[in-house]
Amino acid sequence: QADGSPTELARQVSQRYQEIMVDEYQDTNEVQDCIFRAISRAGRNLFTVGDVKQSIYRFRLADPTIFLGKYRQFADAAKGAEGQPRRMVLSRNFRSRGEVLEATNFVFSDIMSQEMGEMDYTDQEALYPGGTFPPGEGYETEYHVLDFTQDPALTEEKQNRSYLEAKFVARRIAALLAEGFPVSDGQGGTRPLRPEDVAILLRSPGPVRHYYTLALEEQGVGWSAEEGGDLFQTTEVSVALSWLQIIDNPRQDIPLLAVLRSPLVGFSGDRLAEIRALAQGDFYTALTEAGARGWPDCAAFLDQLAALRFGAGEQSSHQLLWDLYRRTDMLEVFAAMPGGEKRRENLLAFYQLARRFEGTGHKGLFGFLLHLDRVQDSGGLRQPPGTPKEEAGVKILSIHRSKGLEYPVVFLCGLGRRFNYADLQKPVLFHPKLGLGPKGLDRETMVTFSTLARTGVALALKKELLAEEMRLLYVAMTRAKEKLILTHSLSYGVADLKSLAESVSVPADPRVLAGCTSVGQWILLTALARPEGEALRRAMDREDLLLPPASFGPPWKIAYHGGAVSQEVVRPAAR
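Residue positions are given per chain, counting from 1 as you read along its sequence in written order. Side-chain atom pairs in this predicted model are given and counted only at pLDDT of 80 or more, local residue features only at pLDDT of at least 70, and totals for whole chains, interfaces and linings cover all residues. Computation of side-chain values covers all heavy atoms of the structure but excludes hydrogens and water.

Colleague: It is not clear to me how the sheet that holds strand β13 (residues 407-412) should be interpreted in this structure. Could you clarify?
Modeller: Across a sheet, paired strands are connected by hydrogen bonds in the backbone, their directions being either parallel or antiparallel. We treat two strands as partners when DSSP finds at least two bridges between them. Secondary structure elements are defined from DSSP: runs of H or I of at least 4 residues count as helices, runs of E of at least 2 residues count as strands, and each element is numbered from the N terminus. One open sheet holds the seven strands; their spatial order is β11-β12-β10-β13-β17-β7-β18, and the pairing between them is parallel. In this open sheet, the two edge strands, each paired with only one partner strand, are β11 (223-225) and β18 (557-561). Recorded for the sheet is a direction-independent mean angle of 20° between the axes of neighbouring strands. When checking whether two residues touch, look at their non-hydrogen atoms; a contact exists if any pair is within 4.5 Å. Axis definition: a line fitted to C-alpha atoms, limited for helices to the stretch in contact. Angles are taken between N-to-C directions and run from 0 to 180 degrees. Taken strand by strand, helix α6 (residues 161-179) contacts β7 (142-146), β10 (198-202), β12 (394-398), β13, β17 (480-489) and β18, and its axis lies near 150° from that of β17.

This is the structure we're talking about:
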């Protein structure tokens, strides 16, 4: 009712239940909490379970402060009087090895506080091992700092840091698999690591997922990814689109090289370099020169391309696409690769897109390519849902999707991704407690400016956003059962390290944390304070950096990789 008391109907409903139990209570919102109170006899028979450090759904209006309010107000179970609201802290973790838990405890005791994270991470909130694992070595947490600023691959091959980081991760996974890294078999012994035991967790997989799938394929490692990504970002549809682009106009270097490097043609990087050296101008000119000289692989490809181009003008776009599938054995080749069934479904979905385009009265390859450009500009095309099943291979998924899951080995990647403050740029900001924060307008000059209300709302929203990012990091780190590996690609190389060097403290200063631009910088602050961070301090010529006194727990493996990182062979950790 208006005064907050339950209605007569709610009182009647409350008589039906002896106990009401709520799981994942940290994700409750105000409406849900009002319902719980209304049907639970004023909360006296209400039992809730949750971990506020895993509240990661604020974008769905979950309010972790509801949980936090009760957590702080309720008495300990052993001290509370009969009928008084009480809390019981369950601190034993039965999922993970001590190395994973101690790494999590160290990071969050350093960075989480009421000022920065909405709660203090004390001994009471820390995780304590409750499970038993076979003894062994090599399970220490790894933190790899990747500096690609001096890597020639970043400029010579027009590659970006995300792809180079993915190649590094794929090599590390391949090394663990080749080594037969031992993981628990569930019966007190160990067995060699399998690809499906490994998960790659990313904050936002969509823009970079295809880099990781490609890098894993280069290492011959199977993979499976969460559904719902952009169809055009998949390897198979990207190759099909590149084929259509060069059928329309072969003098386009990027799609032409994409086709030549694809599994359908299979030219190596060295072969492409040899072709490139034959002639000036675009790559197609060099390729035709190679064909004229009788290079059999180049001549065969040019014949195939000529055959496809010869009939393109007389075919509808979907007929041409099906002819492409048939002549190149595209469906069969991609179906034989890891995740083949899903790849085939994606290619057939692309074919159906071409049919729908023709069904609207449009005709021709050029018009279809223009249509695809518009589709991509508007946000891409979602992959078909497919048949849900557990596929073998390394799992690639978002941190949100990983909640509630566990994997023997977890790679937490993309830590250098910058925080997204786009929501704070809207003309009018809204906070559930502070209200509206609009921009002001000077009517004489027609210039907008930030108002005091907007500044206050923006600061509150930023604080909540960073607290959510901190909890996402907690969820990601605690998905690992036996080994946790963190990778962080630096945006500006050693300059990133130097910018944090003078701010190292244990615990970290909340003001310094608020000024960081990524989760990776939070981890860097903790790594620079550890004895094993010597490689980082040496990289910036600050071996004299005074370390704060702290209890570090089990050692980490912290490595700085500079120079040609993309070509490194990452050897297994010694055991």
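Colleague: What am I meant to see in the sheet that holds strand β16 (residues 447-450) here?
Modeller: Taken in spatial order, the three strands make up an open sheet running β14-β15-β16, and their pairing is antiparallel. Each of the sheet's edge strands pairs with one partner strand only, and the pair in question is β14 (428-431) and β16. On average, each strand axis in the sheet is inclined to that of its neighbour by 30°, with strand direction left out of account. When strand β15 (residues 435-442) meets β16, the two strands line up antiparallel, connected through four bridges. Bridge assignment links Lys 439 to a residue of β16, and that residue is Ser 450. Where helix α18 (residues 452-477) meets the sheet, it contacts β14, β15 and β16, and its direction lies at approximately 55° from that of β14.

Colleague: Is there a simple way to explain the pairing of β13 in this structure?
Modeller: Where burial is concerned, most of β13 is hidden: six out of the six residues are buried. Note: β10 against β13, four bridges, orientation parallel. Along β13, the bridge assignment pairs Ile 200 with Phe 411. Where β13 meets β17, five bridges bridge the pair, whose relative direction is parallel. The residue bridging Tyr 407 from the neighbouring strand is Ala 480, located in β17. Residue burial is assigned from relative accessible area. The probe radius is 1.4 Å, only protein chains are included, and a residue is buried under 20% of its type maximum, exposed over 50%, and partly exposed in between.

Colleague: What am I meant to see in the environment of Gly 364 here?
Modeller: Along the chain, the position of Gly 364 falls in the loop between α15 (340-359) and α16 (365-377). Taking the C-alpha atoms as reference points, Gly 364 and Met 112, 252 residues apart in sequence, are found 58 Å from one another. Apart from the residues lying within four places of it in its own chain, the contact partners of Gly 364 are Ser 317, Phe 357 and Glu 358.

Colleague: Would you explain the pattern of salt bridges in this entry?
Modeller: For side chains of opposite charge, pairing can occur when their charged atoms come near one another. When a carboxyl oxygen of Asp or Glu is within 4 Å of a side-chain nitrogen of Lys or Arg, the pair counts as a salt bridge. Scanning the model with the defined rule gives 32 salt bridges in all. Where Lys 426 meets Asp 423, a salt bridge forms, and the shortest distance between an N and an O atom there is 3.9 Å. By relative accessible area, Asp 423 is classed as exposed at 52%. For Arg 542, the salt bridge goes to Glu 502, with nearest N and O atoms at 2.5 Å. Here Arg 542 is found in the loop between α22 (534-539) and β18, whereas its partner Glu 502 is found in the loop between α19 (494-501) and α20 (510-515), with 40 residues between them in sequence. Among the residues examined, Arg 542 registers a relative accessible area of 22% and is labelled partly exposed. Glu 502 sits in the exposed class, given a relative accessible area of 63%.

Colleague: What should I look at first to understand helix α21 (residues 519-528) in this one?
Modeller: Structurally, the α-helix is built with 3.6 residues per turn, so residues lying three or four positions apart point the same way. Counting buried residues in α21 gives ten out of ten residues, a clear majority hidden from the surface. Turning to α21, its buried residues are Val 519, Gly 520, Gln 521, Trp 522, Ile 523, Leu 524, Leu 525, Thr 526, Ala 527 and Leu 528.

Colleague: What is the right way to read unusual backbone geometry from this model?
Modeller: As a rule of thumb, non-glycine residues mostly have phi less than zero, and peptide bonds are mostly trans rather than cis. Of note, the amide linkage connecting Val 506 to Pro 507 takes the cis form, showing an omega dihedral of 0°. A positive phi is found at Leu 61, a non-glycine position, where the angle reads about 75°. Of note, Leu 61 is situated in the loop between β2 (46-48) and α3 (64-73). The exposure class of Leu 61 is exposed, given its relative accessible area of 66%. A positive phi angle, close to 70°, is found at Glu 118, a residue other than glycine. Looking at the element boundaries, Glu 118 is found in the loop between α4 (98-111) and β6 (128-129).

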